[in-house]
Amino acid sequence: MQIIHQAQAMQAWALAQRAQGKSIGFVPTMGYLHEGHLALMRRIRKDVDLLVASIFVNPKQFNVASDLEQYPRNEEGDLACCRAEGVDVVFFPDTEQMYPEPYHTYVEVRGGLAEGLCGATRPGHFLGVTTVVTKLFNLVQPTVSVFGQKDFQQYAIIRRMVEDLNLPVEIIGHPTVREADGLAMSSRNARLTAEDRQRALVIHQTLTWAKAQVDAGERDAKALCDQARERLMAVPHDEIHYVDVREETTLDLLDTLGDGHARLFIAQVFGQVRLIDNLRIFTDPSRPE
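Heads up: these notes are all about the structure in this document.

Definitions and limits used
- Residues numbered from 1 in each chain as written.
- Predicted model: local features only at pLDDT ≥ 70, side-chain atom pairs only at ≥ 80, totals over all residues.
- Heavy atoms only, no water.
- Pairing = 2+ DSSP bridges.
- Helix = DSSP H or I, 4+ residues; strand = E, 2+ residues; numbered from the N terminus.
- Axes fitted to C-alpha atoms, helices over the stretch in contact; angles between N-to-C directions.
- Contact = heavy atoms within 4.5 Å.
- 1 Å grid on protein atoms, 1.4 Å probe; cavity = no way out; pocket = protein on both sides within 12 Å on 5 of 7 lines; lining within 4 Å.
- Points joined across faces, edges and corners; volume = space filled by probe spheres on them.
- Salt bridge = Lys/Arg side-chain N within 4 Å of Asp/Glu carboxyl O.
- Buried < 20%, exposed > 50% of the residue type's maximum accessible area, 1.4 Å probe, protein only.

1. Some thoughts on the sheet that holds strand S9 (residues 273-282)
The 3 strands lie next to each other as S7-S8-S9, forming an open sheet whose pairing is antiparallel. The open sheet has two edge strands with one neighbour each: strand S7 (239-247) and S9. Between one strand and the next, the sheet's axes are offset by a mean angle of 15°, whatever the strand orientation. With 8 bridges connecting them, S7 and strand S8 (residues 262-270) associate as antiparallel partners. Of the residues in S8, the one forming a bridge with Val 245 is Leu 264. Packed onto the sheet, helix H12 (residues 221-233) meets S7, S8 and S9 and runs at close to 155° relative to S7.

Following this line, the structure appears as structure tokens:
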């Protein structure tokens, strides 16, 4: 396994491989790897000639400085995970490599996809995400890249960016990987206290409850969200950022389920840790997957 720290060296390697006709699969990460990240690697390892993973804690997508400072890191463990999963190259740049001073250029997806949910509660977050992903795509030159659907809004935004900019990379979404008790795997989980870790289970429990209600015939999205919020509030927590039902292609808010696939999105804070999760609660049989 090769480890590359320099942006120019990463791009030179990638362009040389593509010139030989080799396909490159890419898994961008911010490190502190867990089974969710490894599932992404396994998803495309078998379908490409070469697998690249990046490890870069992107400062541009943090709107709270303390959140960036407290983000967990484990360089040795991350590299061991990549090696075990058959990663060919780990791109491990520092901030200077990704954003050399003076830095002035950003990539922004405007409109509904980025305005609600985390776009409303984390100003500037997706501007940082789309900028770094565009830079990473330019450096790694992937033919295919995979993103976890726990961050479904991010996945939708990146798909739109790739389509709008005619970037030659296929974007694949991978279902959320969960702990045995249902908690969505996230690097942030490491910062939860034991008590908050147990309380946080209410998020997945509420998502599955909502899906059961829809399966039983509930179609009023507002009533469903109100009841879901009540269930979340019954467990000690610090803040609820949103409880929304949205159409999953446009991320438009829904009043009634029945036109397009619908997902329930939740963001809730336990201690100092903000957790997000989502679940498709309604599948429109008239719409393709």
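2. Here we look at empty space enclosed by the protein
As enumerated under the stated definition, the model contains 1 cavity of 30 Å³ or more in all. Within this model, the largest cavity holds a volume of roughly 880 Å³. Looking at the largest cavity, it is lined by 50 residues, and the ones nearest its centre are His 37, Tyr 71, Lys 150, Asp 151 and Gln 154. Broken down by secondary-structure element, the contributors of at least two residues to the lining of the largest cavity are strand S2 (24-29), helix H2 (35-45), helix H8 (125-140), strand S5 (144-148), helix H9 (152-164) and S9. When residues in the lining of the largest cavity are grouped by element, the largest group, 6 residues, is from H8.

3. Here we look at the pattern of salt bridges
Applying the stated criterion across every chain yields a total of 20 salt bridges. Ionic pairing is found between Arg 188 and Asp 67, a salt bridge with its closest N-O pair at 3.0 Å. Here Asp 67 lies in helix H3 (residues 65-70) and Arg 188 lies in the loop between strand S6 (170-174) and helix H10 (194-199), a separation of 121 residues in the sequence. Summarising the burial analysis for this pair, Arg 188 and Asp 67 share the class buried. Among the ionic pairs, Arg 280 bridges to Glu 248, the shortest N-O distance being 2.6 Å. Pair noted here: Arg 280 is in strand S9 and Glu 248 is in the loop between S7 and S8, with a separation of 32 residues, a long-range link.

4. So, the environment of Gln 268
Here Gln 268 is to be found in strand S8. The class for Gln 268 is buried, based on a relative accessible area of 0%. As for Gln 268 and His 241, which are separated by 27 residues in sequence, their C-alpha atoms are 5.7 Å apart. In this structure, Gln 268 is in contact with Val 202, Ile 203, Leu 232, His 237, Glu 239, Ile 240, Val 273, Arg 274 and Leu 275, ignoring residues within four places of it in sequence.

5. Section: the sheet that holds strand S3 (residues 50-55)
Spatially, S1-S4-S3-S2-S5-S6 is the arrangement adopted by the 6 strands of the open sheet, whose pairing is parallel. In this open sheet, the two edge strands, each paired with only one partner strand, are strand S1 (2-4) and S6. Averaged over all adjacent pairs, the angle separating strand axes in this sheet is 25°, with direction ignored. Relative to strand S4 (residues 89-91), S3 runs parallel, the two being bridged by 3 bridges. Opposite Ala 53, over in S4, you have Val 90 as the bridge partner.

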